[in-house]
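Examination of the molecular architecture
Next come the chains, spelled out residue by residue.
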Amino acid sequence: MSWLGLIAGAVALVWADALFWVGLSAVYKRRRLARRTRTPPTPPPGPVVLLRPCAGDEPHLGDCLRSVTAMRCATRPALLFAVDSLEDGALPVLRAVSEELRAAGWRAEVTVLDQPGANRKAALLAAAVRERGSQFAVLVNADSNVDLAGVDLDRLVAPLAGDVGAVWVPPVEAGGPACGNRASVAVLSGSLHAFPLLCALDPRGLVGKLFACRLDALTRLELESLPDYLGEDMELARRLAQRHLEVEPLPAVVVSRVGSKSVAETVDRHARWFRVIRGQRPALWWSLPLLFATTPLLWPLAALGFLYHAALGAGALALALLARGLIGAA
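Attention in this report is confined to the structure presented alongside it. (Residues numbered from 1 in each chain as written. Predicted model: local features only at pLDDT ≥ 70, side-chain atom pairs only at ≥ 80, totals over all residues. Heavy atoms only, no water.)

Here the focus is the overall build of the protein. Counting secondary structure elements, the protein contains 13 helices and 10 strands. Here the C-alpha atoms of the protein give a radius of gyration of 22 Å, agreeing with the 20 Å that 2.2 N^0.38 yields for 330 residues. Seen through its principal axes, the protein has C-alpha atoms that stretch 75 × 40 × 35 Å. Scored against the burial criterion, the 330 residues of the protein give a buried share of 49%. Look at the contacts in the protein between residues 6 or more apart in sequence, and 80% of them connect residues 24 or more apart. On the protein, roughly 15400 Å² of surface is accessible, and the fraction owed to carbon and sulfur atoms is 61%. Averaged over its 35 positive side-chain charges, the protein has a centre that lies 7 Å from the centre of its 30 negative ones. (Helix = DSSP H or I, 4+ residues; strand = E, 2+ residues; numbered from the N terminus. Rg over C-alpha atoms; globule rule 2.2 N^0.38 Å. Buried < 20%, exposed > 50% of the residue type's maximum accessible area, 1.4 Å probe, protein only. Contact = heavy atoms within 4.5 Å. Areas by Shrake-Rupley, 256 points an atom, 1.4 Å probe, with all protein chains shown as cover. Lys, Arg positive; Asp, Glu negative; His and termini not counted. Charge placed at Lys NZ, Arg CZ, Asp CG, Glu CD.)

Here's what the structure looks like:
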């Protein structure tokens with residue numbers, strides 16, 4: 001038993017130490033990214049269309065669509081509210097909000113885009129590029145639950161030149177007090193899965209809540225097959241990289257507003273994300289238990305180490321807590 005405790009405690013200590021240094025590296029890289037990209041915005045390379053793909057009458061839908069009026073931009077983009085069916089429950093809200101925005105001087109349009117595919121958001125994106133791509137130079141996608149208040153659109157589209165094909169903004173989640181919401185925020189704001197830190201660790205990634213992409217790049221990506229992928233944003237990043245186009249995160253955050261969620265709904269959502277990683281980036285599959293879900297595995301090892309020697313187990317636990325505290329604070 002003593003040898004088991006020694007081995008378990010040593011593994012826990014090394015694991016907690018690695019987690020701490022990975023977290024510290026993520027914080028450092030995030031700060032360096034913020035300094036490197038802090039440049040004055042330049043005009044977009046041409047007309048911009050803001051696509052809002054919608055599906056169903058979600059909580060906060062109207063407020064999120066209206067939030068475009070609180071966005072910072074030198075030139076107003078064209079607004080395209082899209083669904084894939086005339087029976088979609090979001091249509092009445094889209095029509096009402098588009099009328100309000102047109103009365104306020106915005107160019108807003110509601111459209112039904114028909115594109116087959118299991119991934120409805122990816123299908124709407126592909127259809128929008130196919131039918132409207134020739135009219136614009138830049139497409140900005142903002143999911144229906146994204147609150148655009150305070151977003152600097154000029155800063156988002158400014159890097160789209162040369163080898164940069166897409167720029168995205170790390171999302172943070174704002175939800176209700178339900179247990180599922182709290183569990184989701186704990187993962188998305190208290191672990192290395194937090195997108196403002198994850199973007200520094202995974203420069204190849206792209207989270208598709210809010211991103212801008214050059215339409216000349218999108219039209220070369222064969223988007224008709226994009227709806228076949230569960231993680232359309234991950235596949236989009238892969239195709240851009242194949243064509244030697246960079247994907248850049250913006251050192252900012254955007255709020256994603258969600259309704260009340262149960263724990264089961266939160267578990268199902270993260271299970272889908274795990275399936276995306278396993279299916280589309282299998283080389284990263286090992287990182288899920290080692291970096292993103294350490295507590296259920298690391299703490300029992302530290303407890304066994306404590307039985308061998310109190311200092312060994314306590315040191316591993318303290319270092320693990322320090323790492324989680326650092327990540328959560330960042």
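Next, the rest of the story.
With that settled, the discussion passes to the pairing of strand E1 (residues 48-53). Successive residues of a regular strand alternate their side chains across the two faces of the sheet. Burial analysis of E1 places six of its six residues in the buried class, which makes it a mostly covered element. The two faces of E1 match: Val48, Leu50 and Arg52 on one face and Val49, Leu51 and Pro53 on the other face are all buried. Examined bridge by bridge, E1 and strand E4 (residues 138-142) share four bridges and lie parallel to one another. Within E4, the residue paired with Val49 across the bridge is Leu139. Strand direction decides the pairing type here: E1 and strand E2 (residues 78-83), joined by five bridges, are parallel. For Arg52, the partnering residue across the bridge sits in E2 and is Phe81. (Pairing = 2+ DSSP bridges.)

A few words now on the sheet that holds strand E7 (residues 171-174). As summarised here, the arrangement of the three strands in space is E5-E10-E7, forming an open sheet in which the pairing is mixed. Only two strands of the sheet have a single neighbouring strand rather than two, namely strand E5 (146-147) and E7. Two strands pair when backbone bridges link them, and E5 and strand E10 (residues 254-257) are joined in this way by two bridges, in the antiparallel orientation. Bridging across to E10, Val146 finds its partner in Ser256.

Taken together, Lys29, Arg31, Arg32 and Arg35 make up a surface patch of like positive charges. Residue position: Arg31 is located in helix H1 (residues 2-36). Arg31 sits in the exposed class, given a relative accessible area of 57%. (Patch = residues over 30% accessible without salt bridge, like charges linked within 9 Å, V, L, I, M, F, W, Y side chains within 5 Å. Salt bridge = Lys/Arg side-chain N within 4 Å of Asp/Glu carboxyl O.)

We now examine the sheet that holds E2. Pairing in this open sheet of seven strands is mixed, and the strands run E3-E2-E1-E4-E8-E6-E9 from one edge to the other. Two strands bound the open sheet, and with one partner strand each, they are strand E3 (108-112) and strand E9 (246-249). Looking at each pair of strands side by side, their axes are set apart by 20° on average, direction ignored. For strand E6 (residues 164-168) and E9, the ladder comprises four bridges, and the chain directions are parallel. If you follow Val164 over to E9, its bridge partner there is Glu246. Where helix H4 (residues 120-132) meets the sheet, its contacts fall on E1, E2, E3, E4 and strand E8 (210-214), and the angle it forms with E1 comes to roughly 150°. (Axes fitted to C-alpha atoms, helices over the stretch in contact; angles between N-to-C directions.)

Relative to the helices and strands, Arg281 is located in the loop between helix H10 (263-280) and helix H11 (287-292). Since its relative accessible area comes to 12%, Arg281 is described here as buried. Look past the residues within four positions of Arg281 in its chain and what remains in contact with it is Asp202, Arg204, Gly205, Met234 and Val276.

Attention now goes to unusual backbone geometry. Despite not being glycine, Glu222 has its phi angle at roughly 50°, a positive value. Looking at the element boundaries, Glu222 is found in the loop between helix H8 (215-218) and helix H9 (232-242). Even without a glycine there, the phi angle at His244 is positive, about 60°. Here His244 shows up in the loop between H9 and E9.

Let's shift gears to H9. With eight of 11 residues buried, H9 is to be regarded as a mostly interior element. Where H9 is concerned, the buried positions are Glu232, Asp233, Met234, Glu235, Leu236, Ala237, Arg239 and Leu240. After H9 finishes, the residue His244 shows a positive phi value of roughly 60°.

Attention shifts here to the state of the cysteines. Following the criterion strictly, the structure yields zero disulfides and no others. Its sulfur unpaired, Cys73 is 17 Å from the next cysteine sulfur, which belongs to Cys64. Judged by relative accessible area, Cys73 falls into the partly exposed class, the value being 22%. Here Cys213 stays free of any disulfide, with the sulfur of Cys199 as its closest cysteine sulfur at 18 Å. By relative accessible area, which is 0% here, Cys213 ends up buried. (Disulfide = S-S within 2.5 Å.)

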